[in-house]
Amino acid sequence: EAAVTQSPRNKVAVTGGKVTLSCNQTNNHNNMYWYRQDTGHGLRLIHYSYGAGSTEKGDIPDGYKASRPSQENFSLILELATPSQTSVYFCASGDPGGSDYTFGSGTRLLVI
Amino acid sequence: TQTVSQSDAHVTVFEGDSVELRCNYSYGGSIYLSWYIQHHGRGLQFLLKYYSGNPVVQGVNGFEAEFSKSDSSFHLRKASVHWSDSAVYFCAVSAPGGYKVVFGSGTRLLVSP
């Protein structure tokens, strides 16, 4: 069954540390996305990718980098984590121009 | 620029009741409209979408949504809700060929037994 798998499910990081969130999809979708979800803000797009080797800035990219080494994998990198980056992060995949994304189960990140 | 508005942050109904969750959008061109459901602690799951044709679209688990161009709306309905329908529902819009989906702020549906 096609799926989006995120790891880790939960992460505690220290301020100033480096954090890498991983995402793997078996849908063979070209597009992949990273969102964060916070109470009062809904889902906000951080970075997205059109395919292997491409990364694009979304609506709130500051403090985040992304990497798409292959069709299946898309990582979100926090080089210097800050408490304001405490959130739930969702990865999704989808076809270009489509509206039916497949989401992962999320990564809950706490930066202390 | 596409925007989507969900005016009700919370909706509470009893099991067996009908429910309508409202969604209004603004965009000048052709768009995809879709609904997602998010159960507590889970990712979003796609429910249904509309692009063209019959304005009433059927989704999983008895959900349907109706597109209205005159009202710029895409409301989600269910005739008889079950306690397991308790979740947060997100309306979303995207432009064909566009790179992203814009999500509304979500409506939390609570179904009381």
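Here, the structure is the one placed above.
Residues numbered from 1 in each chain as written. Chains lettered and ligands numbered in written order. Predicted model: local features only at pLDDT ≥ 70, side-chain atom pairs only at ≥ 80, totals over all residues. Heavy atoms only, no water.

Examining the overall build of chain B
Along the backbone of chain B there are 0 helices and 12 strands. Mapped from its N terminus to its C terminus, chain B presents α and β elements in the order β-β-β-β-β-β-β-β-β-β-β-β. Its C-alpha atoms give chain B a radius of gyration of 13 Å, near enough to 13 Å, the size a compact globule of 113 residues would have. Put simply, chain B has 113 residues, and 46% of those count as buried. (Helix = DSSP H or I, 4+ residues; strand = E, 2+ residues; numbered from the N terminus. Rg over C-alpha atoms; globule rule 2.2 N^0.38 Å. Buried < 20%, exposed > 50% of the residue type's maximum accessible area, 1.4 Å probe, protein only.)

Quick notes on the sheet that holds strand β7 (residues 65-67) of chain A
Residues and elements named next belong to chain A. Spatially, the 4 strands line up as an open sheet ordered β1-β3-β8-β7, and their pairing is antiparallel. Two strands bound the open sheet, and with one partner strand each, they are β1 (4-7) and β7. Here the strands of the sheet are splayed against their neighbours by 20 degrees on average, with no regard to which way each runs. Relative to strand β3 (residues 19-25), β1 runs antiparallel, the two sharing 4 bridges. Bridge assignment links Thr5 to a residue of β3, and that residue is Asn24. (Pairing = 2+ DSSP bridges. Axes fitted to C-alpha atoms, helices over the stretch in contact; angles between N-to-C directions.)

Here we look at the environment of Thr12(B)
Residues and elements named next belong to chain B. Among the structural elements, Thr12 can be located in strand β2 (residues 10-14). The class for Thr12 is exposed, based on a relative accessible area of 54%. Apart from residues lying up to four places away in sequence, Thr12 is in contact with Leu110 and Ser112. (Contact = heavy atoms within 4.5 Å.)

Quick look at the pattern of salt bridges
Residues and elements named next belong to chain B. Under the definition given, this model contains 7 salt bridges over all chains. Asp85 is the partner of Lys78 in a salt bridge, and the nearest nitrogen-oxygen pair spans 2.8 Å. The same class applies to Lys78 as to Asp85, namely buried. (Salt bridge = Lys/Arg side-chain N within 4 Å of Asp/Glu carboxyl O.)

Concerning the state of the cysteines
Residue and element names in this part refer to chain B. Enumeration over the complete set of coordinates arrives at 2 disulfides over all chains. The disulfide partner of Cys23 is Cys91, and the gap between their sulfur atoms is 1.9 Å. Here the disulfide of Cys23 and Cys91 is left-handed, its torsion about the S-S bond being about -65 degrees. With Cys23 in the loop between β3 (19-21) and β4 (24-26) and Cys91 in strand β10 (residues 87-94), the pair connects residues that are 68 residues apart, well separated along the chain. (Disulfide = S-S within 2.5 Å.)

Focus on the pairing of strand β12 (residues 107-112) of chain B
Residue and element names in this part refer to chain B. Residues Thr107, Leu109 and Val111 line the buried face of β12, whereas the alternating positions Arg108, Leu110 and Ser112 sit on a face that is not buried. Here 3 bridges tie β10 to β12, and the two strands are oriented antiparallel to one another. For Ala87, the partnering residue across the bridge sits in β12 and is Leu109.

Let's talk about the nonpolar core
In summary, soluble globular proteins display a tendency toward joint burial of nonpolar side chains. One finds Leu33(B), Trp35(B), Leu47(B), Leu48(B), Phe74(B), Leu76(B) and Tyr89(B) to be the most contacted residues of the largest nonpolar core, which totals 28 residues. When residues of this core are traced back to their parent elements, those giving at least two are β2, β3, β5 (32-38), β6 (45-50), β8 (64-68), β9 (73-78), β10 and β12 of chain B. With 4 residues, β10(B) is the single largest residue contributor to this core. Discounting chain neighbours no more than four positions away, the residues touching Leu47(B) are Trp35(B), Tyr36(B), Ile37(B), Gly59(B), Val60(B), Phe63(B), Leu76(B) and Tyr89(B). Of all hydrophobic cores here, the second largest spans 18 residues; its members include Val4(A), Val19(A), Leu76(A) and Leu78(A). (Core = buried A, V, L, I, M, F, W, Y, C linked by side-chain atoms within 4.5 Å.)

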